[in-house]
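# A structural walkthrough
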Amino acid sequence: MTAEDPASSSSAMSNNPAPSVPEGVSGAHNEAALVSLMERTGYGMVQENGQRKYGPPPGWESASPPRGCEIFVGKIPRDVYEDELVPVFESAGQIYEMRLMMDFDGKNRGYAFVMYTQKHQAKRAVRELNNYEVRPGRLLGVCCSVDNCRLFIGGIPKTKKREEILEEVSKVTEGVLDVIVYASAADKMKNRGFAFVEYESHRAAAMARRKLMPGRIQLWGHQIAVDWAEPEIDVDEDVMETVKILYVRNLMMETSEDTLRQVFGQWNQGCVERVKKIRDYAFVHFSSRDDAVVAMDHLNGTEVEGSCIEVTLAKPVDKEQYTRYQKASKGGATAAAAVAAPEPVQQNYVYQCDPYTLTYYGYPYNTLIGPNRDYFIKDVTDV
């Protein structure tokens with residue numbers, strides 16, 4: 001048979017059927033537009049567990065992008081879909097994956113998550129696409145996504161050491177990476193009755209939280225409390241390069257500000273501008289960043305008046321950003337409302353390193369740590 005033979009052509013067509021339209025796209029009222037998008041970009045699309053996933057890029061063989069590459073998109077009109085959203089967000093960089101939350105009626109749920117291949121692309125998207133007018137009078141809300149991998153566990157016996165807590169939690173949950181324990185302010189041999197457990201992924205943390213819910217399991221025969229820990233805010237690297245304030249943790253209660261001034265200023269007399277100590281932690285302000293870094297490198301992990309201290313650069317966080325970030329961490333409609341506020345003209349920084357820090361700068365306990373509030377108030381009075 002020749003190539004022009006109809007029978008030959010028919011046989012060839014039967015051997016190379018047209019690619020099937022994936023589930024979640026097939027039957028959509030904008031099916032043709034979604035298929036056209038996939039043909040243009042080479043990305044796949046599939047719907048599962050109430051969300052439609054677009055991506056990853058064709059031929060992608062590397063690991064998934066690291067934390068910090070994902071943004072949250074809120075206030076999406078319910079009849080706007082990937083065919084309109086992808087061109088907007090790919091203007092900021094290469095999209096690794098877009099997850100659009102979907103309802104059973106085929107409309108979106110008003111929000112999505114967009115993961116880029118690099119962190120700087122996600123930051124650019126937040127900077128350039130927040131309040132983007134996707135439809136006349138309809139502005140998108142865009143902020144950093146919270147990929148929380150840390151749980152708060154309360155009700156831990158105060159005599160338990162970090163290694164014991166790590167071992168016990170690892171027995172009953174999977175994917176444990178680390179346990180963060182705070183020593184008691186009054187007795188450094190005891191913990192404060194709670195710990196933060198870091199997991200390898202948000203999914204691992206979510207599964208552990210479900211398993212550790214009250215009434216399901218006990219640790220050391222004790223009833224425990226579990227909830228999401230306050231997510232750590234990712235501070236821009238350029239901002240961190242300007243920090244000249246050190247955060248010092250695990251001090252003795254009786255250690256004075258004058259002692260800290262002498263200890264931290266021993267490499268350059270007069271370099272410490274001021275010290276603010278609150279119970280067992282402090283902020284040490286330096287006249288230059290170089291002096292702060294020298295002191296940190298020499299003193300982190302050393303003993304001051306009998307207690308091994310931790311010294312890090314204080315993390316500056318804009319108060320307005322922190323409030324929006326907290327709301328966004330709850331997801332859904334709350335997050336959509338959280339990104340509605342415009343960026344402040346003048347930034348008002350606070351410095352956060354642990355749950356006690358922001359209270360000093362005026363955050364109420366319930367705003368700072370939500371359902372975990374009672375544990376921290378108990379510790380303040382339990383001396």
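Reading guide: rules and limits
- Residues numbered from 1 in each chain as written.
- Predicted model: local features only at pLDDT ≥ 70, side-chain atom pairs only at ≥ 80, totals over all residues.
- Heavy atoms only, no water.
- Pairing = 2+ DSSP bridges.
- Helix = DSSP H or I, 4+ residues; strand = E, 2+ residues; numbered from the N terminus.
- Axes fitted to C-alpha atoms, helices over the stretch in contact; angles between N-to-C directions.
- Contact = heavy atoms within 4.5 Å.
- Buried < 20%, exposed > 50% of the residue type's maximum accessible area, 1.4 Å probe, protein only.
- Polar contact = N/O pair within 3.5 Å; in protein donor to acceptor, adjacent residues only side chain to side chain.
- Disulfide = S-S within 2.5 Å.
- Arc of directions from axis to C-beta.
- Core = buried A, V, L, I, M, F, W, Y, C linked by side-chain atoms within 4.5 Å.
- Phe/Tyr/Trp six-rings, centres within 6.5 Å; stacked < 30°, edge-to-face > 60°.

As named in an unreviewed UniProt entry, the protein is RNA-binding protein 47, taken from Oncorhynchus tshawytscha.

### Observations regarding the sheet that holds strand S9 (residues 150-154)
One open sheet holds the 4 strands; their spatial order is S10-S11-S9-S14, and the pairing between them is antiparallel. Since the sheet does not close on itself, it has two edges, and those belong to strand S10 (176-183) and strand S14 (225-228), each with one partner. Strand-to-strand, the axes of this sheet are offset by a mean angle of 25°, without reference to chain direction. With 6 bridges connecting them, S10 and strand S11 (residues 191-199) associate as antiparallel partners. Looking at the pairing, Ala 183 lines up with Asn 191 of S11.

### Re the sheet that holds strand S5 (residues 108-116)
The 6 strands lie next to each other as S1-S2-S4-S5-S3-S8, forming an open sheet whose pairing is antiparallel. Strands with a single pairing partner mark the edges of an open sheet, and in this sheet they are strand S1 (45-48) and strand S8 (141-144). Taking the axes of each pair of neighbouring strands and ignoring which way they run, one obtains an average angle of 20° across the sheet. Of the strand pairs in this sheet, S1 and strand S2 (residues 51-54) are connected by 4 bridges, and their pairing is antiparallel. Considered in S2, the bridge of Glu 48 is made with Gln 51. Strands strand S3 (70-74), S5 and S8 of the sheet are contacted by helix H4 (residues 119-129), whose axis makes an angle of about 145° with S8.

### Observations regarding the environment of Lys 188
Position of Lys 188 relative to the elements: it lies in the loop between S10 and S11. Lys 188 gets classed as partly exposed once you look at its relative accessible area, which sits at 22%. As a C-alpha pair, Lys 188 and Asn 250 span 62 residues in sequence and 8.2 Å in three-dimensional space. Ignoring sequence-local partners within four residues, the contact set of Lys 188 consists of Ala 183, Asn 250, Leu 251, Met 252, Asp 280 and Ser 307. At a separation of 3.3 Å, a polar atom in the side chain of Lys 188 contacts the side chain of Asn 250. Among the polar contacts made by the side chain of Lys 188, one reaches the main-chain carbonyl oxygen of Leu 251 at a distance of 2.8 Å.

### As for the side chain of Arg 192
Take Arg 192: it is sitting in strand S11. Judged by relative accessible area, which is 6%, Arg 192 ranks as buried. At 2.6 Å, the side chain of Arg 192 and the backbone oxygen of Ala 183 are in polar contact.

### Details of the state of the cysteines
For the structure shown, the criterion picks out 0 disulfides. The thiol of Cys 144 is unpaired, and the distance to the nearest cysteine sulfur, on Cys 143, comes to 6.8 Å. In this structure Cys 144 comes out as partly exposed when scored by relative accessible area, which is 36%.

### Concerning unusual backbone geometry
A cis amide bond, omega 0°, links Gly 55 with the succeeding residue Pro 56. By the element assignment, Pro 56 lies in the loop between S2 and S3. For Lys 75, which is not glycine, the phi dihedral falls at a positive 60°. Turning to its location among the elements, Lys 75 is positioned in the loop between S3 and helix H3 (82-89).

### A closer look at the pairing of S11
Two faces belong to every sheet, and in a regular strand the side chains alternate between them. With 9 of 9 residues buried, S11 lies mostly within the body of the structure. Taken together, the 5 bridges between S9 and S11 define a ladder with antiparallel strand orientation. Looking across to S11, one finds that Gly 154 is bridged to Phe 194.

### So, helix H8 (residues 257-264)
Here H8 has its buried residues at Thr 259, Leu 260, Val 263 and Phe 264. Down the axis of H8, the buried set is contained in an arc of 115°. They therefore lie on one face. Facing away from the buried side of H8 by over 90 degrees, the exposed positions are Asp 258 and Gln 262. Close packing links the buried residues of H8 with strand S15 (245-249), strand S16 (272-278), strand S17 (281-286), helix H9 (289-299), strand S18 (303-304) and strand S20 (310-313).

### A few points about the nonpolar core
One finds Ile 71, Phe 89 and Tyr 116 to be the most contacted residues of the largest nonpolar core, which totals 31 residues. Among the elements of the structure, helix H2 (31-41), S3, H3, strand S4 (95-102), S5 and H4 are those that each provide at least two residues to this core. Excluding residues that lie within four positions of it along the chain, Ile 71 makes contacts with Phe 89, Ala 112, Phe 113, Val 114, Tyr 116, Ala 122, Ala 125, Val 126, Val 142, Cys 143, Cys 144 and Ser 145. Counting residues in each nonpolar core, the second largest holds 22 residues, with Cys 271, Phe 286, Ala 295 and Val 311 among its members.

### Thoughts on the packing of aromatic side chains
The relative placement of two aromatic rings is captured by the distance of their centres and the angle of their planes. This structure, assessed with the given rule, holds 13 aromatic pairs. Centre to centre, the rings of Tyr 111 and Phe 113 are 6.1 Å apart; their planes meet at 85°, and the pair counts as edge-to-face. Given the relative accessible area of 16%, Phe 113 is considered buried. On the basis of an interplanar angle of 75° and a centroid distance of 5.9 Å, the ring pair of Phe 194 and Phe 196 is categorised as edge-to-face. For Phe 194, a relative accessible area of 0% corresponds to the buried category. Look at Phe 196 and you get buried, because its relative accessible area is 7%. Here the aromatic cluster, defined as three or more aromatic residues joined through ring pairs, consists of Phe 152, Tyr 182, Phe 194 and Phe 196.

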